[in-house]
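Listed here are the chains, written in short residue letters.
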Amino acid sequence: MEAFDVVDVIRTKRDGGVLSGEQIDWTIDAYTRGAVKDEQMAALAMAVFLRGMTREEIARWTRAMIASGERMDFGRIARPTADKHSTGGVGDKITLPLAPLVAVFDVAVPQLSGRGLGHTGGTLDKLESIPGWRAAMTNEEIYRELGEGCGAVICAAGAGLAPADKKLYALRDITSTVDCIPLIASSIMSKKIAEGTGSLVLDVKVGSGAFMKDLEQARELARTMVDLGTDAGVKTFAYLTDMSTPLGLKVGNALEVEESVEVLAGGGPADVVELTCALARKMLEMSGKSDVDVEVALKDGRAMDRWREMIRAQGGDPEAELPTSVHAHTVVAEADGVLEALDALAVGVASWRLGAGRAVKEDPVQAGAGIEIHAKPGATVKKGQPLLTLHTDDEWRIARALESLEGGVVIGSAAPEARSVILGEVQ
């Protein structure tokens, strides 16, 4: 005999009511064990999408998802732990240079990451372009590498962490309930709290290439997640960052690894370096280490040394050549002028269509597919000058990628207003 009737729970939220803590606990548990069916949870998710949730409901929903599985405990590790989570964007390879950079300063980084879906790239897909690298690690391997090894791990989350979220995430993806602040916040934070990190810095993307298109909407999501983390005893902070144009100059799996290595070698695009260093400083500050120079650690080779250790620890060869695509196509400027806009969503969809991303989670990805960017907004360009190079293993994909770029590359006469990649913060 079940404690509640799921139809009553759906009706309560459909009619704008507030769910009790007991109703929420039962619903998440019953869905995890199959007593609440997918079609019933889909109806409830849509009701939440349309009617919203109070802060208390979101907090209880998050706790119930954490309780559906195991929690990691880094208490045995002598180093403090800090993590970062990005809500996803185009060219967002920040995790790759960030984790080893923070580990240089004896702060452990347990970065449990995911795969890409749609136009946003997945950290694991990028790293899997490195020959031999493996995403799967046991909990004991994670503890050992964080405590005694290089101090940084980027790997797949185990099946035992917030299993309710895994079921619900897949359902939201096929029922158009992904971009719902209570469901996004509880999904992200249930996994991060269960992961057991001591502090967490959130990178909430804003703009055409992000889930949150509007700054105030992004601020609301950031506020919700910071509150959830704080209430759960995790020191949590959020940056709001620009995703109206792609981050860096390379989009795609092996291409983004290549650019990350450039940053670790003391070079790389200014926006990638700026955001990597800002996030590293905040993670270190929240771990009690504020008197550090992260820029020097990028330039003197210490971060690169940690990167090589981290890649080798997971079976990868950091010296191996990265995969490249079979076909390339160059997009050139159609007129003289100033590049006024390079739309992140257009570039992200084009990269996805070239084979760098997947439409459903079972799809394979091409390691070498993606886009190189030769000019960013504000640059003066001449007619015929290369703007983008498209890479793919399948020549037929190029035409579809070009279709998605239509309207996304704008040449005019006025340079856009220069602005930092960091738009604001929530603490």
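My aim in this report is to walk through the structure given alongside it, one point at a time. Going along each chain's sequence as written, the residues are numbered from 1 onward. Restriction of local features to residues with pLDDT of at least 70 applies here, the model being predicted, together with a cutoff of 80 or more for giving and counting side-chain atom pairs; totals for whole chains, interfaces and linings are based on all residues. Side-chain metrics in this entry use all non-hydrogen atoms of the structure; hydrogen atoms and water are not considered.

**What about the sheet that holds strand β12 (residues 409-412)?**
Condition: Criterion used throughout: strands pair if DSSP finds at least two bridges between them. Numbering of helices and strands starts at the N terminus; helices are DSSP runs of H or I of at least 4 residues and strands are runs of E of at least 2.
The sheet built from three strands is open, its strands ordered β10-β8-β12 with antiparallel pairing. If you trace the sheet from one side to the other, it starts and ends with β10 (380-381) and β12, each paired once. Where strand β8 (residues 337-342) and β10 come together, two bridges link them in antiparallel fashion. Paired with Gly337 across the two strands is Val381, which belongs to β10.

**A look at the pairing of strand β2 (residues 109-113)**
Heads up, the rule is: Note on exposure labels: buried denotes an accessible area under 20% of the residue type's maximum, exposed denotes more than 50%, and partly exposed covers the range between, all computed with a 1.4 Å probe on protein chains only.
In terms of burial, β2 is a largely internal element, five of the five residues being buried. Every second residue of β2 is oriented toward a common face, with Val109, Gln111 and Ser113 on one face and Pro110 and Leu112 on the other, all of them buried.

**A closer look at the pairing of strand β9 (residues 370-373)**
Bridging between strand β6 (residues 250-251) and β9 involves two bridges; their strand directions are antiparallel. Bridge pairing in β9 links Lys250 to Glu372. Inspection of the sheet shows β9 paired to strand β11 (residues 386-392) by four bridges, in the antiparallel sense. From the neighbouring strand, Ile371 faces β11, where its bridge partner is Leu390.

**Regarding the side chain of Lys376**
Defined as follows: Any pair of nitrogen or oxygen atoms within 3.5 Å is treated as a polar contact; in protein, a donor-acceptor pairing is required on top of that, and neighbouring residues in sequence qualify only through side-chain atoms on both sides. Two residues form a contact once any of their heavy atoms are found within 4.5 Å.
Here Lys376 shows up in the loop between β9 and β10. Here Pro246 takes part through its backbone oxygen, which lies 3.1 Å from a polar atom of the side chain of Lys376. Aside from chain neighbours lying at most four places away, what touches Lys376 is Thr245, Pro246, Leu247, Gly248, Leu249, Asp271 and Leu339.

**Here's the deal with the environment of Arg353**
Examined against the element boundaries, Arg353 turns out to sit in helix α15 (residues 344-356). Put simply, Arg353 and Glu195 are 158 residues apart on the chain and 33 Å apart in space, counted from C-alpha to C-alpha. If near-sequence neighbours (up to four positions away) are discounted, Arg353 is found in contact with Arg397, Arg400, Ala401, Glu403 and Ser404. At 3.0 Å, the side chain of Arg353 forms a polar contact with the backbone oxygen of Arg400.

**What about the state of the cysteines?**
Short version of the rule: Counting rule for disulfides: a pair of cysteine sulfur atoms within 2.5 Å.
Enumeration over the complete set of coordinates arrives at zero disulfides. Cys150 forms no disulfide, and the closest cysteine sulfur to it belongs to Cys155, at a distance of 11 Å. Taking relative accessible area as the criterion, Cys150 reaches 2% and is therefore assigned buried.

**Let's talk about the packing of aromatic side chains**
Counted only if it meets this: Side-chain rings of Phe, Tyr and Trp, where Trp is taken by its six-membered ring, are said to pair if the distance between their centres is within 6.5 Å; with planes under 30 degrees apart they count as stacked, over 60 as edge-to-face, and otherwise as tilted. For a ring to carry a charge above it, either NZ of a lysine or CZ of an arginine must fall within 6 Å of the ring centroid while also lying within 35 degrees of the normal to the ring plane.
Taken as a whole and judged by the stated rule, the model has three aromatic pairs. Judged by centre distance (6.0 Å) and plane angle (55°), the rings of Phe4 and Trp26 are tilted. Residue Phe4 is found in the segment before α1 (6-14), and its partner Trp26 is found in helix α2 (residues 21-32); the two are separated by 22 residues along the sequence. Trp26 sits in the buried class, given a relative accessible area of 10%. Both rings, one in Phe74 and one in Tyr143, keep their centres 5.7 Å apart while their planes meet at 75°; by these two values the pair is edge-to-face. Of this pair, Phe74 sits in the loop between α4 (55-67) and β1 (82-86) while Tyr143 sits in helix α7 (residues 139-147), and the two are 69 residues apart along the sequence. Each member of the pair, Phe74 as well as Tyr143, carries the same accessibility label: buried. The aromatic ring of Tyr143 is capped on one face by Arg76, whose charged end is 4.0 Å from the ring centroid.

**Structural notes on the pattern of salt bridges**
Keep this limit in mind: Basic side-chain nitrogens of Lys or Arg form a salt bridge, by our definition, when they fall within 4 Å of a carboxyl oxygen of Asp or Glu.
This model, assessed by the stated rule, comprises 31 salt bridges. Across the salt bridge formed by Arg134 and Glu141, the nearest N and O atoms sit 3.1 Å from each other. For the salt bridge of Arg397 with Asp394, the shortest nitrogen-to-oxygen distance reads 2.9 Å. Taking the relative accessible area as the measure of exposure, Asp394 reaches 24% and is therefore partly exposed.

**Comments concerning the nonpolar core**
Basically, it comes down to this: The term nonpolar core refers to a set of buried residues drawn from Ala, Val, Leu, Ile, Met, Phe, Trp, Tyr and Cys, joined through side-chain atoms within 4.5 Å.
In terms of nonpolar packing, the biggest core is built from 68 residues, with Trp307, Leu388 and Leu390 touching the most fellow members. Residue contributions to this core peak at eight residues, all from helix α12 (residues 270-286). Among the nonpolar cores identified, the runner-up in size contains 61 residues, and Met72, Val153, Cys155 and Met189 belong to it.

**Quick notes on the sheet that holds strand β13 (residues 422-426)**
Rules: Interaxial angles span 0 to 180 degrees and are taken between N-to-C directions of axes, which are lines fitted to C-alpha atoms, for helices over the stretch in contact.
With mixed pairing, four strands are arranged side by side in an open sheet as β1-β4-β5-β13. This sheet does not close on itself; its edge strands, each paired only once, are β1 and β13. Averaged over all neighbouring strand pairs, the angle between strand axes comes to 20°, with direction disregarded. Examined bridge by bridge, strand β5 (residues 235-242) and β13 share four bridges and lie antiparallel to one another. Bridging from a neighbouring strand, Tyr239 pairs with Glu425 of β13.

**Section: the packing of helix α11 (residues 253-264) against helix α14 (residues 302-313)**
Here is the rule we go by: Reported orientations rely on four angle classes, namely roughly parallel under 35 degrees, roughly antiparallel over 145, roughly perpendicular from 65 to 115, and oblique for the rest. Three classes are used: nonpolar for Ala, Val, Leu, Ile, Met, Phe, Trp, Tyr, Cys and Pro, charged for Asp, Glu, Lys and Arg, and polar for all others, with Gly counted as polar.
For the pair α11 and α14, interaxial distance at closest approach is 8 Å and the crossing angle is 140°. In terms of orientation, α11 and α14 fall into the oblique class. Across the interface between the two elements, Val257, Val261 and Leu264 of α11 pack against Ala303, Met304 and Trp307 of α14. For the contact of α11 with α14, the class distribution of residues is six nonpolar, no polar and no charged.

**Quick notes on a nonpolar patch on the surface**
What counts here: Each patch is built from salt-bridge-free residues with over 30% relative accessible area, joining like charges within 9 Å and nonpolar side chains (Val, Leu, Ile, Met, Phe, Trp, Tyr) within 5 Å. Using a 1.4 Å probe, the Shrake-Rupley method yields the accessible areas, and only the shown protein chains count as cover for residues.
A contiguous nonpolar surface patch, about 270 Å² in accessible area, is contributed by Met46, Phe49 and Leu50. Residue placement: Met46 occurs in helix α3 (residues 38-51).

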